[in-house]
Amino acid sequence: MFQRIKQFYWDITSKFKSIDREFVDRYLYDEDKVLFYQLKKAEQHHVIRVAKNAKNKINELITNVDENKFMRICLLHDVGKIGGDLTVIDRSILVLANKLTKGKIKKYTNINKIYVYYNHAHIGADLLKKKGYDEDFVKTIRYHHSEGYSRDIMLNILREVDDIS
Ligand SMILES: [Fe+2]
Ligand SMILES: [Fe+2]
């Protein structure tokens, strides 16, 4: 609960805080930045916090994680939130669900936002795959909200720090 309040506070104040461009420039290539800067400002702040917390974690744990790569993955982990283009089938399902609930879904937010919220991990993974990013990016981002144990150290750290960032 306290985490939620903190995240809410970060989100509403993020408009007034500037992005740590030095950090972004240190890790991201130009092609990464094209994606990164399409995120909303609050999301940009969130993924930077995630990356910084993840960096502390790998330094603490003494792992053989490739820091540069992991930082890029962290900074792009919510990149699916910039997309949100619905397929025809997705849209039909949502429209139907909306009908069945007599528009109750819509009351909370618009339908596209609901879709992106629940599917941004897969949307982001598919987007990066299409752009030629390697398996580490695609896999880690695809499963960052999935349940269940993983042997993958980057995925585990990302899941852990995502919740507190
Ligand atoms: Fe996410
Ligand atoms: Fe996230």
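Figured I'd write up the structure that's included with this text. Owing to the predicted nature of the structure, the values given are computational and were not obtained by experimental measurement. (Residues numbered from 1 in each chain as written. Chains lettered and ligands numbered in written order. Predicted model: local features only at pLDDT ≥ 70, side-chain atom pairs only at ≥ 80, totals over all residues. Heavy atoms only, no water.)

**A closer look at the side chain of Ser150**
Move 1: Among the secondary structure elements, Ser150 is positioned in the loop between α9 (135–142) and α10 (153–163).
Move 2: When residues no more than four places from it in sequence are discounted, the contact partners of Ser150 are Leu155, Asn156 and Arg159. (Helix = DSSP H or I, 4+ residues; strand = E, 2+ residues; numbered from the N terminus. Contact = heavy atoms within 4.5 Å.)

**Examining the coordination of the iron ion (ligand 2)**
Under ideal tetrahedral coordination, the four donors around a metal are separated by 109.5 degrees; under ideal octahedral coordination, the six donors are separated by 90 or 180 degrees.
Move 1: Around the iron ion (ligand 2), the protein supplies His46 (NE2), His77 (NE2), Asp78 (OD) and Asp162 (OD) as donor atoms, at distances of 2.2 to 2.4 Å.
Move 2: Of note is the iron ion (ligand 2), whose four donor atoms meet at the metal with angles of 78 to 169 degrees in an arrangement that counts as irregular.
Move 3: The sequence pattern formed by the donor residues of the iron ion (ligand 2) is H-x30-H-D-x83-D.
Move 4: The two metals, the iron ion (ligand 2) and the iron ion (ligand 1), are separated by 3.4 Å and share Asp78 as a common coordinating residue. Of this pair, His46 sits in helix α4 (residues 41–61) while Asp162 sits in helix α10, and the two are 116 residues apart along the sequence. Neither His46 nor Asp162 differs from the other in exposure class; each is buried. (Donors = N, O, S within 2.8 Å, 3.2 Å for Na, K, Ca; no water. Tetrahedral: all angles 85-135°; square planar, octahedral: opposite > 155°, others 65-115°. Buried < 20%, exposed > 50% of the residue type's maximum accessible area, 1.4 Å probe, protein only.)

**Quick look at the coordination of the iron ion (ligand 1)**
Move 1: Coordination of the iron ion (ligand 1) by the protein is provided by Asp78 (OD), His120 (NE2), His144 (NE2) and His145 (NE2), with metal-donor distances spanning 2.1 to 2.2 Å.
Move 2: Geometry at the iron ion (ligand 1) is irregular, judged from its four donor atoms and the angles of 87 to 175 degrees they form at the metal.
Move 3: Read in sequence order, the donor residues for the iron ion (ligand 1) give the motif D-x41-H-x23-H-H.

**Some points on the nonpolar core**
Move 1: Counting 32 residues, the largest nonpolar core has Phe36, Phe70, Leu75 and Leu76 as the members making the most contacts within it.
Move 2: Secondary structure elements with two or more residues in this core: α2 (21–27), α3 (30–36), α4, α5 (67–76), α8 (111–130), α9 and α10. (Core = buried A, V, L, I, M, F, W, Y, C linked by side-chain atoms within 4.5 Å.)

Remember, this is a structural readout, not a statement about activity or role.
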